[in-house]
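Reading the structure
Next come the chains, spelled out residue by residue.
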Amino acid sequence: MYFATKDLIKSVRHLPLISHLAYSDTKARYKRSMLGPLWLTLGAAIGVVGLGLVWSQLLHQDRSQFIPSLTVGLLLWQFISGTVTESTGIFVRQAQIIRNLQLPIFIHPIQLIARQCISLGHNLLVLVGVLLVYPQSISWVSLLSVVGFALVVLNLLWISVLLGLIGARFRDVEQIVQSLMPIVFFLTPVIYKAGHIGVSQAIIWLNPFTYFVTLVRDPIFGTIPASFVYQTVILMALAGWTVTLLFFNRHAPRLAFWI
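This structure is a prediction, so every number in the text was calculated from the model and none was measured.

What about the packing of aromatic side chains?
Under the counting rule described, the total for this entry stands at 10 aromatic pairs. Geometrically, the ring pair formed by phenylalanine 209 and phenylalanine 212 is tilted, given 5.9 Å between the ring centres and 50° between the ring planes. Residue phenylalanine 209 and its partner phenylalanine 212 are both found in helix H11 (residues 208-220); the two are separated by 3 residues, about one turn of the helix. Of the two residues, phenylalanine 209 and phenylalanine 212, neither departs from the other in class, the shared state being buried. Look at tyrosine 211 and phenylalanine 228: their rings are 6.4 Å apart centre to centre, the planes differ by 85°, and that puts the pair in the edge-to-face class. Of this pair, tyrosine 211 sits in helix H11 while phenylalanine 228 sits in helix H12 (residues 227-251), and the two are 17 residues apart along the sequence. A relative accessible area of 36% means that phenylalanine 228 is categorised as partly exposed. Through a chain of ring-to-ring contacts, three or more aromatic side chains come together here, namely Trp77, Phe185, Phe186, Phe209 and Phe212.

Structure representation (structure tokens):
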């Protein structure tokens, strides 16, 4: 795993460059638009209002509790699904750079996650607005959400690298992932909570994204996630990074020929 580890270390040393590229990419996507990146915030706000009003009625939930929970879940889902969906083609879209510049390969997945973090930062304005309308009791437990988010990012990075390599070799992977993500959305406790009555717990907890959402959302509202949630996510990171580094070490030298 020497080649993979060396590439990862080199990429981390380029964090200032990665941050600049992520910011420039976000800015370029909304060039000449009146609101710029705030379109991300507007889109998230529309989603929260629409889903909040409809599903609070369908699930017979109090809006003052349901909408804040939905907001956090929806913003996290946009961050997670955006990262996973785009990761399948991340190396293909950066083909010219990979072929012509001697840059670490890990730079591109890290840049993707950095850009998604910027988008999430914009969308947090929606959460602030929701909490002003529906105030929630915030405690020191809420700080655990920062730890949870760090674990989520740690897992999303190896997922992005692995899917990126597989997607570069097999182009159908991108279409498969894009088709599956809407289904996974309803199997992830974004609209509802993991313990909601009438939802199969076995199906929910077999979904790795359930752990991601739980780690971040529950502490925000004063609930400490169960120990098995932390254990599962940490084991997922250890196993995922081991497999990814081995896969990267074996197949990354061929990446330029695949793209």
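Next comes the rest of the write-up.
Topic: the packing of helix H4 (residues 63-87) against helix H8 (residues 144-169)
Running from N to C, H4 and H8 point in directions that differ by 20°, and their axes come no closer than 8 Å. With respect to H8, the axis of H4 lies roughly parallel. Between H4 and H8 the crossing geometry is right-handed. Judged by residue contacts, Phe79, Ile80, Thr83, Val84 and Ser87 of H4 engage Phe149, Val152, Val153, Leu156, Ile159, Ser160, Leu163 and Gly164 from H8. Class assignment for the residues of the contact of H4 with H8 results in 9 nonpolar, 4 polar and no charged.

Quick notes on the side chain of serine 142
Secondary-structure assignment places serine 142 in the loop between helix H7 (107-133) and H8. In this structure the side chain of serine 142 is engaged in a polar contact, spanning 3.3 Å, whose partner is the backbone oxygen of proline 219. Ignoring sequence-local partners within four residues, the contact set of serine 142 consists of Pro219 and Ile220.

Considerations on the pattern of salt bridges
In total, this model carries 3 salt bridges according to the counting rule given. Here aspartate 25 makes a salt bridge to arginine 115, at a shortest N to O gap of 2.8 Å. Pair noted here: aspartate 25 is in helix H2 (residues 15-29) and arginine 115 is in helix H7, with a separation of 90 residues, a long-range link. Look at arginine 115 and you get buried, because its relative accessible area is 7%. Residues glutamate 174 and arginine 93 are paired through a salt bridge, measuring 3.8 Å at the closest nitrogen-oxygen approach. One end of the pair, glutamate 174, is in helix H9 (residues 172-187); the other, arginine 93, is in helix H5 (residues 90-93), with 81 residues separating them in the sequence. Residue classification places glutamate 174 among the partly exposed positions, given a relative accessible area of 23%. Relative accessible area serves as the criterion here: at 44%, arginine 93 is assigned to the partly exposed category.

What counts, and where the lines are drawn
- Residues numbered from 1 in each chain as written.
- Predicted model: local features only at pLDDT ≥ 70, side-chain atom pairs only at ≥ 80, totals over all residues.
- Heavy atoms only, no water.
- Phe/Tyr/Trp six-rings, centres within 6.5 Å; stacked < 30°, edge-to-face > 60°.
- Helix = DSSP H or I, 4+ residues; strand = E, 2+ residues; numbered from the N terminus.
- Buried < 20%, exposed > 50% of the residue type's maximum accessible area, 1.4 Å probe, protein only.
- Axes fitted to C-alpha atoms, helices over the stretch in contact; angles between N-to-C directions.
- Parallel < 35°, antiparallel > 145°, perpendicular 65-115°, else oblique.
- Left-handed = near helix turned anticlockwise from the far one by under 90°.
- Contact = heavy atoms within 4.5 Å.
- Nonpolar A, V, L, I, M, F, W, Y, C, P; charged D, E, K, R; others polar.
- Polar contact = N/O pair within 3.5 Å; in protein donor to acceptor, adjacent residues only side chain to side chain.
- Salt bridge = Lys/Arg side-chain N within 4 Å of Asp/Glu carboxyl O.

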